[in-house]
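Observations on the three-dimensional arrangement
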Amino acid sequence: LGVVYSAETMRNAVAWARTRSIHTVVDEIFALSVHKPTNRPDHFESIIRVLDNQLGNDVHFLWGLSKDFGASGFRFAMLYTHNMQLLQALANLNIFSGVPNPMQMIVSEILVDDDFLDIFIEDSRKQLVTSYNICTKKLEEMVVPFVPAEAGIFVYIDFSSLLPEPTFEG
């Protein structure tokens with residue numbers, strides 16, 4: 001939905017899951033696509049930082065290039081976990097889904113170039129916000145409800161008022 005959960009909400013969600021022995025998988029695929037990063041208490045903060053990298057065996061972090069870098073064709077993503085059993089189980093899949101060495105080299109060159117990353121992310125964020133503002137302005141003009149987003153490239157829109165009748169078949 002493009003909603004950024006506060007650090008407190010994330011800690012509470014993990015605590016809730018832990019009391020029930022449920023693993024928490026945090027997908028931060030839009031982590032660098034926050035529309036307006038701020039220093040507000042509810043701004044985006046990675047689960048790794050929220051938990052001070054104390055993930056235990058039950059919290060797992062996902063991230064990839066597809067959304068933040070518009071690079072879905074790179075087919076590059078990562079899982080960060082402290083769960084050795086999960087890592088060992090996934091190691092068996094690497095033969096089928098490993099990232100080719102040339103792609104690993106390209107990605108490593110991108111991720112170590114701080115100057116490029118700073119410029120790219122800032123420019124991408126500006127373009128994202130511009131597009132979001134154009135879209136939501138039109139939706140407001142048309143009086144079409146939507147979920148205000150704080151991150152990501154999607155706008156969730158409620159078109160139910162345009163249905164001929166308010167039923168599932170409508």
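Notes on the structure follow. This is a predicted model, so every value here is computed, not measured. Residue positions are given per chain, counted from 1 along the sequence in the order it is written. Where local features are concerned, this predicted model is filtered to residues with pLDDT of at least 70; where side-chain atom pairs are given and counted, the filter is 80 or more; whole-chain, interface and lining totals use all residues. Heavy atoms throughout the structure, all of them, feed into the side-chain values; hydrogens and water do not.

Some remarks on the overall build of the chain
Under the convention used in this document: Working definition: helices are DSSP H or I runs of at least four residues, strands are E runs of at least two. Numbering for both runs from the N terminus. Only protein chains enter the calculation, and the probe is 1.4 Å; a residue is then buried if its accessible area is under 20% of its type maximum, exposed if over 50%, and partly exposed in between. The contact criterion used is simple: two residues touch if any of their non-hydrogen atoms lie within 4.5 Å. Under the convention used here, a 1.4 Å probe and the Shrake-Rupley method define accessible areas, while residue burial counts only the protein chains that appear. Counted as positive: Lys and Arg. Counted as negative: Asp and Glu. His and the chain ends are not counted at all. Charge placement uses NZ in Lys and CZ in Arg. For Asp and Glu, CG and CD serve respectively.
Along the chain, the regular secondary structure elements total six helices and five strands. The linear arrangement of helices and strands in the chain, starting from the amino end, is α-β-α-β-β-α-α-α-α-β-β. For the chain, the spread of C-alpha atoms along the three principal axes comes to 55 × 45 × 40 Å. Looking at the chain residue by residue over its 170 residues, the buried ones come to 29%. A sequence separation of at least 24 residues applies to 64% of the contacts in the chain between residues at least 6 apart. For the chain, the computed accessible surface area is about 11,700 Å², with 59% contributed by carbon and sulfur atoms. Side chains of the chain give 12 positive and 21 negative charges; the mean places of these two sets differ by 2 Å.

Re the pattern of salt bridges
Think of it this way: side chains of opposite charge can pair up when their charged atoms draw near. Quick reminder of the rule: The term salt bridge refers to a side-chain nitrogen of Lys or Arg lying within 4 Å of a carboxyl oxygen of Asp or Glu.
Taken as a whole, this structure holds two salt bridges when the rule is applied. Close ionic contact of Arg18 with Asp58 constitutes a salt bridge, the shortest N to O distance being 2.8 Å. Of this pair, Arg18 sits in helix H1 (residues 7–19) while Asp58 sits in the loop between helix H2 (47–50) and strand S2 (59–64), placing them 40 residues apart in sequence. Given a relative accessible area of 16%, Asp58 falls into the buried group.

Some remarks on the nonpolar core
Short version of the rule: Think of a nonpolar core as a cluster: buried Ala, Val, Leu, Ile, Met, Phe, Trp, Tyr and Cys residues, connected wherever their side-chain atoms sit within 4.5 Å.
By size, the foremost hydrophobic cluster in this structure holds 21 residues, and its most contacted members are Ile47, Val50, Leu51, Val59, Trp63, Leu65 and Phe69. Broken down by secondary-structure element, the contributors of at least two residues to this core are H1, H2, S2, helix H5 (101–112) and helix H6 (114–141). Core analysis: the next-biggest nonpolar cluster, separate from the first, contains five residues, Tyr132, Leu139, Val144 and Phe146 among them.

Examining the sheet that holds strand S1 (residues 24–27)
Condition: Strands pair, by our definition, only if DSSP identifies at least two bridges between them. For helices, the fitted line uses only the C-alpha atoms of the stretch in contact; every axis is such a line through C-alpha atoms, and the angle between N-to-C directions lies from 0 to 180 degrees.
Taken in spatial order, the three strands of this open sheet run S1-S2-S3, and their pairing is mixed. The open sheet has two free edges, formed respectively by S1 and strand S3 (77–81), since each of these has just one partner strand. On average, each strand axis in the sheet is tilted by 20° relative to the strand beside it, whichever way the strands run. Two strands pair when backbone bridges link them, and S2 and S3 are joined in this way by five bridges, in the antiparallel orientation. Within S3, the residue paired with Phe61 across the bridge is Tyr80.

Brief notes about H1
Stated formally: Residue count minus one, scaled by 1.5 Å, sets the expected span of a helix. Within this analysis, the arc is defined by the directions that extend from the helix axis to the C-beta atoms.
Taking 1.5 Å per residue, 13 residues should reach 18 Å; H1 reaches 18 Å between its end C-alpha atoms and fits that length. Of the residues making up H1, those classed as buried are Ala7, Met10, Val14 and Ala17. For H1, the angular spread of buried residues about the axis comes to 95°, placing them on one side. Opposite the buried face of H1, at more than 90 degrees from it, the exposed residues are Glu8 and Thr19.

What about the packing of aromatic side chains?
Filter applied, for reference: Pairing of aromatic side chains requires ring centres within 6.5 Å, counting the rings of Phe and Tyr and the six-membered ring of Trp. Pairs whose planes differ by under 30 degrees are stacked, by over 60 edge-to-face, and all others tilted.
Applying the stated criterion across every chain, the model contains one aromatic pair. Between Phe116 and Phe120, the aromatic rings sit 5.5 Å apart at their centres with planes inclined by 25°, giving stacked as the arrangement. Here the residue Phe116 and the residue Phe120 both occupy positions in helix H6, the gap between them amounting to four residues, near one helical turn. With a relative accessible area of 36%, Phe116 lands in the partly exposed category.

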